[in-house]
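Here's the letter readout for the chains.
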Amino acid sequence: MLAFAVGDVEVQSKDLPANARAIVDKVQSSSNYTLRVPQGLTNFATFNLGNAKPLNDAIKFLGGKSTKVATSISIIGNVLDSLLEGKPPTPELVMRADMPTFRPSIGGKITLPADLTMSLLATISLQGRKAADSPTKRSIVKGVTMGMEGETKFRIGKQDVNIVLETAITQSTGAPEFSVTASTFKGIPWKKAFGIPWLTIEDYRMTIGQEADTVKLGIGGKTSLGSKRFDVFTSVATQAKTLGIPIPEQINLALDEGPNKIASLGMKDIASIFVEMGKAVGKNKSLKLPKEFPDIAIAGTKKGSGPFIAITLKAGGAAGIDMGGALRVLGTNLATIDKAFIQADEGIEIRAKTAKLGVGPIKFPYGDVEIVARASSSDRSFPLPKMIIK
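What you see is a predicted model; the values in this text were computed from it and never measured.

**Q** How would you sum up the overall build of the protein? Please name residues and give values.
**A** The number of helices and strands found in the protein is four helices and 28 strands. Scored against the burial criterion, the 390 residues of the protein give a buried share of 41%. When contacts within the protein are restricted to residue pairs at least 6 apart in sequence, those whose partners lie at least 24 apart make up 53%. Approximately 21,000 Å² of the protein is accessible, and the part contributed by carbon and sulfur atoms is 52%.

Below is the structure:
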């Protein structure tokens, strides 16, 4: 069916002629809808997904099957206005379609716990311009975008996470390529991320790809711990067939305080994180932080970066934070971290080795530095950590 409009038109489904509605209903997700026909020509027809190789490859990668789908194809771009003004039109072709529902099996490895219905959107624009090497010769520049999107669930460990799964078909040079990403479902934060009671990830996003017989996923987002805001990133790879993906052994956290600063995590922030962790797992719920803390921090070692910070997951499911970098005291890098961690059930421990440095009038030889803070269930106030140099 062809629909021609001299301007943008909206028609309620109940007002369509019966023969027109029988066709248009095929490309709508419900029986009650508003048909929007842009200025120009719109064709309601069927499209064989298998005829578009990159699109067919993307569907197969996700575990679906290419088939014929009902589509609406519109030629838009103020074509009529341009012709009436005596200007060459620059049309844009827009195609929309709802694809058949299927149960995703990404790369033939990762099966998702819920079905997926994706919507296809493709645009093709043509614009004439003069070639750079010949001012009198015209070349046609083609802009093509094509992608699919749908809402489903992704299993990570024992959690089913709501996501929006997207594919994009791009072409810069050579053959078209496709990419697959998954992102936050309607902006909802991922609470108890990776099964960790005290970790909430916002704006999470996954990139999914395949190398040889391995499906690889990169996961990123943002989180807040203590008074600090962190970038979160980790990766997972699987060669075996699984329902969802396993929990990674390490989740990296990065502090970014700008290119001209060395980011650091102060003792107050470290203690705040410890208290947050304890409350989330039911320990030390009444523990309060003191108002003042010693000027001690774990810092990065160069401008534009911060200390090493990573969440590590143990076999039993407990999670803690490991840290590394420089031990800063009174604004001076006093030592290099050997081992530092925050554990809800163990407390805070920092062990480092000094260099031959001084803090004000005090000079330190080579030696070991130890900072330990523990809190028992009977404590009401967080015990201030003491620094011991051996």
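**Q** With reference to specific residues and values, describe the nonpolar core.
**A** Ranked by size, the top nonpolar core spans 84 residues in total, and within it Phe 154, Phe 194, Ile 321 and Leu 327 carry the most contacts. The greatest single-element share of this core, amounting to seven residues, is contributed by helix α4 (residues 267–280). Among the nonpolar cores identified, the runner-up in size contains eight residues, and Val 24, Leu 35, Val 37 and Phe 44 belong to it.

**Q** Explain the pairing of strand β17 (residues 250–254) to me, and be specific about the residues and the numbers.
**A** In the sheet, strand β15 (residues 228–238) pairs with β17 via three bridges, with the strands oriented antiparallel. For Phe 233, the partnering residue across the bridge sits in β17 and is Asn 252. The sheet contact formed by β17 and strand β20 (residues 308–313) spans four bridges and is antiparallel. Directly across from Ile 251, in β20, lies its bridge partner Ile 311.

**Q** Hey, could you go over the sheet that holds strand β8 (residues 110–111) for me, with residue numbers and the actual values?
**A** Taken in spatial order, the three strands line up as β7-β8-β16 in an open sheet, and their pairing is mixed. Looking at which strands have only one partner, the edges of the open sheet turn out to be β7 (105–106) and β16 (242–243). The sheet contact formed by β8 and β16 spans two bridges and is parallel. Bridged to Ile 110 within β16 is Thr 242.

**Q** So, the side chain of Ser 272: which residues are in play, and what are the values?
**A** By the element assignment, Ser 272 lies in helix α4. In this structure the side chain of Ser 272 is engaged in a polar contact, spanning 2.8 Å, whose partner is the backbone oxygen of Lys 268. Once you skip the residues sitting within four places of it in the chain, Ser 272 turns out to touch Gly 226 and Leu 289.

**Q** Kindly report on the environment of Gly 64, identifying the contributing residues and their values.
**A** Residue position: Gly 64 is located in the loop between α2 (53–62) and β5 (68–76). The class of Gly 64 is buried, set by a relative accessible area of 10%. Taking C-alpha positions, Gly 64 is 8.4 Å from Thr 101, a pair spaced 37 residues apart along the chain. Those residues in contact with Gly 64, other than ones at most four positions away along the chain, are Ile 59 and Phe 102.

**Q** Describe the layout of surface pockets, naming the residues involved and giving the relevant values.
**A** Within this model, the second largest pocket holds a volume of roughly 210 Å³. The dominant element in the lining of the second largest pocket, judged by the number of residues it contributes, is strand β10 (residues 134–156), at six residues.

**Q** Lay out α2 with the relevant residues and their values.
**A** For α2, a buried count of seven out of ten residues is recorded, marking the element as mostly surrounded by other parts of the structure. At the C-terminal side of α2, Gly 63 shows a positive phi close to 95°.

**Q** Explain α4 residue by residue, including any values.
**A** With 14 residues, α4 extends 20 Å between its outermost C-alpha atoms, agreeing within 8% with the 20 Å of an ideal straight helix rising 1.5 Å per residue. When you tally the buried positions in α4, you get ten out of 14 residues, the bulk of the element. Those residues of α4 that fall on the buried side of the exposure criterion are Met 267, Asp 269, Ile 270, Ala 271, Ser 272, Ile 273, Phe 274, Val 275, Met 277 and Gly 278.

Basis of the calculations
Residues numbered from 1 in each chain as written. Predicted model: local features only at pLDDT ≥ 70, side-chain atom pairs only at ≥ 80, totals over all residues. Heavy atoms only, no water. Helix = DSSP H or I, 4+ residues; strand = E, 2+ residues; numbered from the N terminus. Buried < 20%, exposed > 50% of the residue type's maximum accessible area, 1.4 Å probe, protein only. Contact = heavy atoms within 4.5 Å. Areas by Shrake-Rupley, 256 points an atom, 1.4 Å probe, with all protein chains shown as cover. Core = buried A, V, L, I, M, F, W, Y, C linked by side-chain atoms within 4.5 Å. Pairing = 2+ DSSP bridges. Polar contact = N/O pair within 3.5 Å; in protein donor to acceptor, adjacent residues only side chain to side chain. 1 Å grid on protein atoms, 1.4 Å probe; cavity = no way out; pocket = protein on both sides within 12 Å on 5 of 7 lines; lining within 4 Å. Points joined across faces, edges and corners; volume = space filled by probe spheres on them. Expected span 1.5 Å × (residues − 1).

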